[in-house]
Amino acid sequence: MELAALLKVLAYPARLRLLSLVAAAEGGEACACDLVAPVGRSQPTVSHHLSTLVDAGLLSREKRGRWAWYRVVPERLAALQAALAP
């Protein structure tokens, strides 16, 4: 994905917040069930934003029972950081 397209994905404050929450989560992963309240959006909206982050390659998803757990994809985040570095 091009840098501009990736930045477009992150232009939504809710998505940027979700990425930050997952990156800072204890154990390096976060359950979708724990991400709804901090973002202040409905569960379907949070799921949509998380899916967009997964499609962009910034997060990975693992289904466990009825919930999805998310992790940051370190290589993708490092590539973004490198592209933005001076």
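Our structure's up above, just so we're on the same page.
Residues numbered from 1 in each chain as written. Predicted model: local features only at pLDDT ≥ 70, side-chain atom pairs only at ≥ 80, totals over all residues. Heavy atoms only, no water.

Asker: Would you mind showing me how to read the environment of Ser47 here?
Answerer: Within the secondary structure, Ser47 is located in helix α4 (residues 43-55). By relative accessible area, which is 24% here, Ser47 ends up partly exposed. Sequence separation of Ser47 and Ala68 is 21 residues, and the distance between their C-alpha atoms is 9.3 Å. Side chain to side chain, Ser47 and Gln43 meet in a polar contact 2.7 Å long. (Helix = DSSP H or I, 4+ residues; strand = E, 2+ residues; numbered from the N terminus. Buried < 20%, exposed > 50% of the residue type's maximum accessible area, 1.4 Å probe, protein only. Polar contact = N/O pair within 3.5 Å; in protein donor to acceptor, adjacent residues only side chain to side chain.)

Asker: What's the story with the pattern of salt bridges in this structure? I'm lost.
Answerer: When the charged atoms of two side chains lie near each other, side chains of opposite charge can form a pair. A full pass over the atoms with the stated rule returns three salt bridges. Overlapping salt bridges bring together Glu29, Glu62, Arg64 and Arg71 as one network. (Salt bridge = Lys/Arg side-chain N within 4 Å of Asp/Glu carboxyl O.)

Asker: I would appreciate a short explanation of the pairing of strand β2 (residues 59-64) in the present structure.
Answerer: Regular strands show a simple pattern: their side chains alternate between the two faces of the sheet. Pairing between β2 and strand β3 (residues 67-72): six bridges, direction antiparallel. Bridged to Arg64 within β3 is Trp67. Counted between consecutive antiparallel strands, the loop separating β2 from β3 contains two residues, among which Gly65 sits at a positive phi close to 65 degrees. (Pairing = 2+ DSSP bridges.)

Without other data, these values stay purely geometric and don't point to any function.
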